[in-house]
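Structural overview for review
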Amino acid sequence: MNIKTIFSDYSLIDTGEGEKLERFGAFTLRRPEPQAIWRKTLTEQQWAAAADASFLRDAKSEERGEWKLKPKMPSRWSVKYDYKDMHLSMRLGLTSFKHVGIFPEQAANWNFIYDCCTEIESPKVLNLFAYTGGATLAARAAGADVTHVDSVKQVVTWSRENMEASGLQGVRWIVEDALKFVQREVRRGNKYHGIILDPPAYGRGANGEKWVLEQNITQMLECCAELLENKNAFLVLNLYSMGLSSTLARTAVRQCFGVPKFEQCGELYFEDNAGKELPLGTYYRFRR
């Protein structure tokens, strides 16, 4: 099941030729997008006029680069996201890796997490590879006791800022390698009603631990299967690596967790103003 995401403070204006033009709140950004293999709808002049900030790749790096800013473009600003009684505020910033601190397509998963938590009595949620905490905030807004794990201290600080801006409190912050953390939680016998996994293709832990998705994901899922409650529980798994399908995710999860009573998988996507659909990640989620 592919899910078109709705996010009023975000819009995908145009896509094509390896780029995307998108609005975050009051500002429009131009960023690389390798999956946009089709032609642009707007002209180069229209793109240049619309973009308040454009990301320029470093000639020596596939990942890094720098931003070219128009005079009134700030280095930091905020967007809001509302769903039912959930009202989030998230600070954005221009990083050297082209990211801005939010993946707006994940709003569809935030809704799912919020709904799951509101239907569970005293839910405990574990968010792994948690980045700037959109999923953490969704769970906390629904009243969950949330443990937020990321190996980058600066990103955890960013998440805390988002929590405070959203009028929330009480999240447990952990700066650690995610796999090491879940292995320790298994030994402790801890349990969670919800687990959220958003692993990168490659990464480093807080102490230099190496993460390679294809090599480590099965061990991670096996540990998480021991941590998840047998009833009234949910799992969300995101895969951003190109070439990894939702069928692959479902097969890997089912082997470790068994077949749940409810599951969804597919692609999260946005549609630009010309109707071109841009896939922005594979997801798998279940409830039991």
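Provided above is the structure to which this section pertains.
As a starting point, this report considers the structure included with it. Small disclaimer: the values here were computed from a predicted structure and weren't measured.

For the rest of this paragraph, the subject is the side chain of glutamate 33. In this fold, glutamate 33 is placed in the loop between β4 (27-32) and α1 (44-50). Here the side chain of glutamate 33 touches lysine 20 through a polar contact of 3.1 Å, side chain to side chain. Not counting residues within four places of it along the chain, the set of residues in contact with glutamate 33 comprises Gly18, Glu19, Lys20, Leu278 and Leu280.

With mixed pairing, five strands are arranged side by side in an open sheet as β2-β3-β4-β5-β6. Each edge of the open sheet carries a strand with a single partner, namely β2 (10-16) and β6 (65-69). Averaged over all pairs of adjacent strands, the angle between their axes in this sheet comes to 20 degrees, without regard to strand direction.

Turning to the packing of aromatic side chains, a few remarks are in order. Here the structure, examined in full by the defined rule, presents 15 aromatic pairs. On the basis of an interplanar angle of 70 degrees and a centroid distance of 6.2 Å, the ring pair of phenylalanine 7 and tryptophan 110 is categorised as edge-to-face. Here phenylalanine 7 is found in the loop between β1 (3-4) and β2, whereas its partner tryptophan 110 is found in helix α2 (residues 107-118), with 103 residues between them in sequence. Tryptophan 110 shares its class with phenylalanine 7; the two are buried. Directly above the aromatic system of tryptophan 47 lies the positively charged group of lysine 40, at a separation of 4.2 Å from the ring centroid.

Moving on, we come to the nonpolar core. One finds Phe7, Phe24, Tyr81, Ile102, Trp110, Ile113 and Phe234 to be the most contacted residues of the largest nonpolar core, which totals 48 residues. In this structure phenylalanine 7 touches Val79, Lys80, Tyr81, Ile102, Pro104, Ala107, Trp110 and Phe270, once residues within four positions along its chain are discounted. In terms of nonpolar packing, the next biggest core, distinct from the first, is built from 34 residues, Ala178, Ile195, Ile217 and Leu244 among them.

This part covers the pairing of strand β8 (residues 86-93). Regular strands have side chains that alternate between both faces of the sheet. Counting buried residues in β8 gives seven out of eight residues, a clear majority hidden from the surface. Sheet analysis places strand β7 (residues 76-83) next to β8, joined by eight bridges and oriented antiparallel. By the bridge assignment, valine 79 is partnered in β8 with methionine 90. Between β7 and the antiparallel strand that follows it, β8, lie two residues; lysine 84 among them carries a positive phi value of about 50 degrees.

Another aspect to go through is helix α4 (residues 153-165). It helps to recall that an α-helix has 3.6 residues per turn; residues three or four apart then point in one direction. Between the first and last C-alpha of α4 there are 19 Å, a value that for 13 residues agrees with the 18 Å anticipated at 1.5 Å per step. Buried residues of α4: Val155, Val156, Trp158, Ser159, Asn162 and Met163, and no others. Looking straight down α4, one finds its buried side chains confined to an arc of 155 degrees; they lie on one side. Those residues of α4 that are exposed and angled more than 90 degrees off the buried face are Lys153, Gln154 and Glu164. Next to the buried residues of α4 lie β8, α3 (134-141), β10 (145-150) and β11 (172-175). Just past α4, the residue glycine 167 takes up positive phi, approximately 75 degrees.

This next bit is on the sheet that holds strand β9 (residues 124-128). In space, the eight strands of this open sheet follow the order β1-β16-β17-β15-β12-β9-β10-β11, with mixed pairing throughout. Because the sheet does not close on itself, it has two edges, and the strands there are β1 and β11. In this sheet, strand β12 (residues 194-197) lies alongside β9 in parallel orientation, the contact comprising four bridges. Among the inter-strand pairings, leucine 128 is bridged to a residue of β12, identified as leucine 197.

In this section: the packing of helix α6 (residues 213-227) against helix α7 (residues 246-257). One way to put it is that α6 packs onto α7 with a least axis distance of 9 Å and a crossing angle of 40 degrees. Between α6 and α7, the angle falls in the class oblique. Read as a crossing pair, α6 and α7 show a hand that is right-handed. Every residue of α7 that contacts α6 at Thr218, Leu221, Glu222, Cys224 and Ala225 is listed here: Ala252, Val253, Cys256 and Phe257. Considered class by class, the residues forming the contact of α6 with α7 number seven nonpolar, one polar and one charged.

One pass over the full model with this rule turns up one cavity of 30 Å³ or more. Lining the largest cavity are 19 residues, and of these Gln106, Trp110, Gly134, Ala135 and Asp198 sit closest to its centre. When contributions to the lining of the largest cavity are tallied by element, the ones reaching two or more residues are α2 and α3. If you tally residues by element for the lining of the largest cavity, the top one is α2, at three residues. Here the residues of the lining of the largest cavity are counted per class, giving ten nonpolar, eight polar and one charged.

Parameters and conventions
In this convention, every chain numbers its residues from 1, walking through the sequence in written order. Two thresholds apply to this predicted model, a pLDDT of at least 70 for residue-level local features and 80 or more for giving and counting side-chain atom pairs, whereas whole-chain, interface and lining totals are computed over all residues. Excluded from the side-chain calculations are hydrogens and water; all other atoms, namely the structure's heavy atoms, are used. In DSSP terms, a helix is any run of H or I states spanning at least four residues, a strand is any run of E spanning at least two, and both are numbered starting from the N terminus. By the criterion applied in these results, polar contacts are pairs of N or O atoms within 3.5 Å in which, for protein atoms, one can donate a hydrogen and the other can accept it, and in which residues neighboring in sequence qualify only through two side-chain atoms. Throughout, a contact is declared for two residues whenever any of their heavy atoms are within 4.5 Å. Two strands qualify as a pair provided DSSP detects at least 2 bridges between them. All axes are obtained by fitting lines to C-alpha atoms, using only the stretch in contact for helices, and the reported angles, taken between N-to-C directions, cover 0 to 180 degrees. Stacked, tilted and edge-to-face pairs are distinguished by plane angle, under 30 degrees for stacked and over 60 for edge-to-face with tilted covering the rest, among Phe, Tyr and Trp rings (Trp via its six-membered ring) whose centres lie within 6.5 Å. With a 1.4 Å probe rolled over the protein chains alone, any residue whose accessible area is under 20% of its type maximum counts as buried; one over 50% counts as exposed, and the rest are partly exposed. Working rule: Lys NZ or Arg CZ, within 6 Å of ring centre, within 35 degrees of ring normal, means a charge sits over the ring. The nonpolar core is taken to be a set of buried Ala, Val, Leu, Ile, Met, Phe, Trp, Tyr and Cys residues, with the residues joined through side-chain atoms within 4.5 Å. To estimate how far a helix should reach, multiply one less than its number of residues by 1.5 Å. By arc we mean the arc of the directions from the helix axis to the C-beta atoms, nothing more. Small angles under 35 degrees read as roughly parallel and large ones over 145 as roughly antiparallel, with 65 to 115 read as roughly perpendicular and the rest as oblique. The crossing is said to be left-handed when, going from far helix to near helix, the turn is anticlockwise and less than a right angle, and right-handed when the turn is clockwise. Residue type decides the class: Asp, Glu, Lys and Arg count as charged, Ala, Val, Leu, Ile, Met, Phe, Trp, Tyr, Cys and Pro as nonpolar, and the leftover types, Gly among them, as polar. A cavity here means a set of 1 Å grid points, computed over protein atoms only, where a 1.4 Å probe fits but cannot escape. A pocket is an open set with protein on both sides within 12 Å along at least 5 of 7 lines, and lining residues have an atom within 4 Å of a point. Grid points are joined across faces, edges and corners, and a volume is the space filled by probe spheres set on the points.

Honestly, that's just the spatial picture; any functional story needs more than this.
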